[in-house]
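A look at the structure
One letter stands for each residue in the lines below.
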Amino acid sequence: MSLMTLMEGLAAANIRVVLVGGMAVRVHGVLRSTDDVDVCYDAGYLNAQALVSLLRDWNAYPRDAAPGRTFRMSRKQLSLNDTMRLSTVHGYLDLMREVPGIGKYGDIIAHADTFQLPSGLELPVINVEALIRAKELAGREKDKVVIHELRAARALKLARES
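Below or above, wherever it landed, is the structure these notes cover. Note that this is a predicted model, so its numbers are computed, not measured.

How each quantity is defined
- Residues numbered from 1 in each chain as written.
- Predicted model: local features only at pLDDT ≥ 70, side-chain atom pairs only at ≥ 80, totals over all residues.
- Heavy atoms only, no water.
- Buried < 20%, exposed > 50% of the residue type's maximum accessible area, 1.4 Å probe, protein only.
- Helix = DSSP H or I, 4+ residues; strand = E, 2+ residues; numbered from the N terminus.
- Contact = heavy atoms within 4.5 Å.
- Polar contact = N/O pair within 3.5 Å; in protein donor to acceptor, adjacent residues only side chain to side chain.
- Axes fitted to C-alpha atoms, helices over the stretch in contact; angles between N-to-C directions.
- Parallel < 35°, antiparallel > 145°, perpendicular 65-115°, else oblique.
- Left-handed = near helix turned anticlockwise from the far one by under 90°.
- Nonpolar A, V, L, I, M, F, W, Y, C, P; charged D, E, K, R; others polar.
- Phe/Tyr/Trp six-rings, centres within 6.5 Å; stacked < 30°, edge-to-face > 60°.
- Lys NZ or Arg CZ within 6 Å of the ring centre and 35° of its normal.
- Salt bridge = Lys/Arg side-chain N within 4 Å of Asp/Glu carboxyl O.
- Expected span 1.5 Å × (residues − 1).
- Arc of directions from axis to C-beta.
- Lys, Arg positive; Asp, Glu negative; His and termini not counted.

**Here we look at helix α6 (residues 128-138)**
By the burial criterion, the buried members of α6 are Val128, Ala130, Leu131, Ile132, Ala134 and Lys135. In this structure, the buried residues of α6 make contact with α2 (22-27), β6 (98-99), β8 (112-116), β9 (122-126) and α7 (141-161). N-capping of α6 is provided by Asn127, with a side-chain oxygen placed 3.3 Å from the backbone N of Glu129. Immediately downstream of α6, the backbone of Gly139 shows phi near 65°, a positive value.

**Some remarks on the packing of α6 against α7**
As a packed pair, α6 and α7 sit with axes 9 Å apart at the nearest point and diverge in direction by 160°. One way to sum up the angle between α6 and α7 is to call them roughly antiparallel. With respect to the hand of their crossing, α6 and α7 are arranged in left-handed fashion. Here Val128, Glu129, Leu131, Ile132, Lys135, Glu136 and Ala138 of α6 lie close against α7, whose contacting residues are Asp143, Val146, Ile147, Leu150, Arg151 and Arg154. A per-class count over the contact of α6 with α7 returns seven nonpolar, no polar and six charged.

**Considering the packing of aromatic side chains**
Counted under the stated rule, the structure contains one aromatic pair. Look at Tyr61 and Phe71: their rings are 5.9 Å apart centre to centre, the planes differ by 75°, and that puts the pair in the edge-to-face class. Residue Tyr61 is found in strand β3 (residues 61-62), and its partner Phe71 is found in the loop between β3 and α4 (75-80); the two are separated by ten residues along the sequence. Taking relative accessible area as the criterion, Phe71 reaches 15% and is therefore assigned buried. When the ring centre of Tyr92 is taken as origin, the NZ or CZ atom of Arg63, which lies over that ring, is 4.4 Å away.

**A word on the pattern of salt bridges**
Close approach of charged atoms allows side chains of opposite charge to pair. Evaluated as defined, the whole model comprises ten salt bridges. With a closest N to O distance of 3.8 Å, Asp94 and Arg85 form a salt bridge. Judged by its relative accessible area of 6%, Asp94 falls in the buried class. Judged by its relative accessible area of 46%, Arg85 falls in the partly exposed class. Close ionic contact of Lys135 with Asp143 constitutes a salt bridge, the shortest N to O distance being 3.3 Å.

**Considerations on α7**
Here α7 contains 21 residues, and its C-alpha end-to-end distance of 31 Å stays within 8% of the 30 Å for a straight helix at 1.5 Å per residue. For α7, every residue scored as buried is listed here: Asp143, Val146, Ile147, Leu150 and Ala153. End-on view of α7: buried residues confined to an arc of 135°, all on one side of the axis. Residues of α7 that are exposed and angled more than 90 degrees away from the buried face: Glu141 and His148.

**Concerning the side chain of Glu8**
By the secondary structure assignment, Glu8 is in helix α1 (residues 3-12). Summary of buried charges: Glu8 has no salt-bridge partner, and the nearest side chain of opposite charge, Arg26, is 14 Å away. Excluding residues that lie within four positions of it along the chain, Glu8 makes contacts with Leu117, Pro118, Ser119 and Leu121.

**A short note on unusual backbone geometry**
For Asn14, which is not glycine, the phi torsion reads 60° and is therefore positive. Its location among the elements puts Asn14 in the loop between α1 and β1 (17-20). Even without glycine at this site, Asn59 takes up a positive phi of about 50°. Within the element layout of this structure, Asn59 appears in the loop between α3 (45-57) and β3.

See the structure below:
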């Protein structure tokens, strides 16, 4: 299992997603442990179909489903859930149609940077300002420390660039 394999697979399949959450925090220079990849995806028909196909190949299964429950990934499953927390052969993947307070894929891609993966493929990642805003709106205790660290990483990056 590899979180990098998840990101590489999404990029290689040309699935329109934006990296958000813990891995986005890491991309922006804050070392945090995370056990999943969080993405906001384009829910348009063709992209959703391509995503479903990839998820089937990865034997995606809801993490909160009862063991042994029959499950088959489909566009309908995606449409019924704003967020899907999945287990795949490559690790945990959380799919979001919308990031609260930031918006859907079209809104988030407008606030995205590009992250180059080790393979040379590129994956959009929510920019640090939007990520800070999302973490502030989430209001979780664990995000309060991350917000300070993201601000410090942003300030360090700006200082290096000037």
